[in-house]
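# Report on the structure
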Amino acid sequence: MLGTIVNVAAIFVGSLIGGTIQKALPQKIQETLFIAMGLSAFFIGVNTVIKNMAVSQTPLLFIISLALGAVIGTLFNLEENFQKFTIKFGKNTLIKGLSTAILLFCIGTLSILGLIESALHYDHTFLFTNAMLDFIISIVLSATYGYGIMLSAFVLFIWQGSIYWGAMYLSHFLQGAVLTELSIIGGVLITASGLGILEIKNCKTLNLLPAFFISIIYFLFKLD
């Protein structure tokens, strides 16, 4: 849980800093910080894909998983429904800010993939990287919406804690080829998130999340 604790602490401290300098952070600096985060996420994702593609035993699986996952996610309108949810509470600026924060902090693939790596291999690299990104994001968000953004840290702790212990329980399954394919899909979604932050292309990353489950289902049937 070390990576999660660091991640939560980064958001909490970042929110304190952002709330304190709320009126002193120029818009140009906020935009520059988002560009830096977008570039970081993009190249982390590309590196993850390349590294794991080199050892993949089923190089076409991630393409099939992403295609089927995109169809499922689009049919259920995951991206659109979440946007409607945030708009529903958009009259309250703090709730709108918290909704944005929870999406960025919890749904990001660095967070999910990092938890699996942390639970199975005690490798906290992704979570520490995610903590740095979340630290900057929390400063920018709290500079806009106030100290209340730190409440998202508690949501993150519950979310990541649940995934961490779930990964520990499924450690016998989340190994080798399974983890490789999940890492490839995660890398693609991290890259897509980077493109979104940079405002190059809105890839509707939420609609692609079911791709993870397609790969898991494939290996479950393969094991049987």
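Residues numbered from 1 in each chain as written. Predicted model: local features only at pLDDT ≥ 70, side-chain atom pairs only at ≥ 80, totals over all residues. Heavy atoms only, no water.

## Description of the packing of aromatic side chains
Applying the stated criterion to the full structure yields 2 aromatic pairs. Each ring, one from Phe 42 and one from Phe 43, has its centre 5.1 Å from the other, and the planes form 90 degrees; the classification is edge-to-face. The class for Phe 42 is partly exposed, based on a relative accessible area of 22%. Given a relative accessible area of 52%, Phe 43 falls into the exposed group. Taking the centre distance of 5.1 Å and the plane angle of 80 degrees together, the rings of Tyr 218 and Phe 219 count as edge-to-face. With a relative accessible area of 35%, Tyr 218 lands in the partly exposed category. For Phe 219, a relative accessible area of 5% corresponds to the buried category. (Phe/Tyr/Trp six-rings, centres within 6.5 Å; stacked < 30°, edge-to-face > 60°. Buried < 20%, exposed > 50% of the residue type's maximum accessible area, 1.4 Å probe, protein only.)

## Overview of the confidence of the model for the protein chain
Mean pLDDT for the protein chain: 80, with 83% of residues reaching 70 or above. The least confident element of the protein chain, judged by mean pLDDT, is helix 5 (residues 93-106) at 66; the most confident is helix 3 (residues 61-75) at 95. (pLDDT = per-residue confidence, 0-100. Helix = DSSP H or I, 4+ residues; strand = E, 2+ residues; numbered from the N terminus.)

## What to know about the packing of helix 1 (residues 2-20) against helix 7 (residues 125-145)
Packing of helix 1 against helix 7 brings their axes to within 7 Å, and their N-to-C directions diverge by 20 degrees. What the angle tells us is that helix 1 and helix 7 run roughly parallel. The element helix 1 and its partner helix 7 pack so that their crossing is right-handed. Across the contact of helix 1 with helix 7, the residue classes break down as 12 nonpolar, 10 polar and 1 charged. (Axes fitted to C-alpha atoms, helices over the stretch in contact; angles between N-to-C directions. Parallel < 35°, antiparallel > 145°, perpendicular 65-115°, else oblique. Left-handed = near helix turned anticlockwise from the far one by under 90°. Nonpolar A, V, L, I, M, F, W, Y, C, P; charged D, E, K, R; others polar.)

## Quick word on the nonpolar core
The biggest cluster of nonpolar side chains holds 17 residues, and the ones touching the most others in it are Phe 62, Leu 66, Leu 182, Ile 185, Leu 189, Leu 209 and Phe 212. Secondary-structure elements contributing two or more residues to this core are helix 3, helix 9 (176-197) and helix 10 (211-223). Sort the elements by how many residues they give to this core and helix 9 lands first, with 6 residues. Counting 12 residues, the second-largest nonpolar core is a separate cluster that includes Val 8, Ala 101, Cys 106 and Ile 149. (Core = buried A, V, L, I, M, F, W, Y, C linked by side-chain atoms within 4.5 Å.)

## Quick notes on the side chain of Thr 191
With respect to the helices and strands, Thr 191 occurs in helix 9. Beyond its immediate stretch of four places on either side in the chain, Thr 191 contacts Ala 41, Phe 42, Gly 45 and Val 46. (Contact = heavy atoms within 4.5 Å.)

## Notes on unusual backbone geometry
Generally, phi is negative for residues other than glycine and the peptide bonds are trans, each holding for most cases. Positioned with a positive phi, Asn 77 is a non-glycine residue whose angle comes to about 50 degrees. Tracing the chain through its elements places Asn 77 in the loop between helix 3 and helix 4 (78-88). On the basis of relative accessible area, Asn 77 is assigned to the partly exposed category, the value being 32%. Here the phi dihedral of Glu 199 falls at roughly 60 degrees; this positive angle occurs in a residue that is not glycine. Considering the arrangement of structural elements, one finds Glu 199 in the loop between helix 9 and helix 10. A residue is classified by how much of its surface remains accessible, and Glu 199, at 75% relative accessible area, is exposed.

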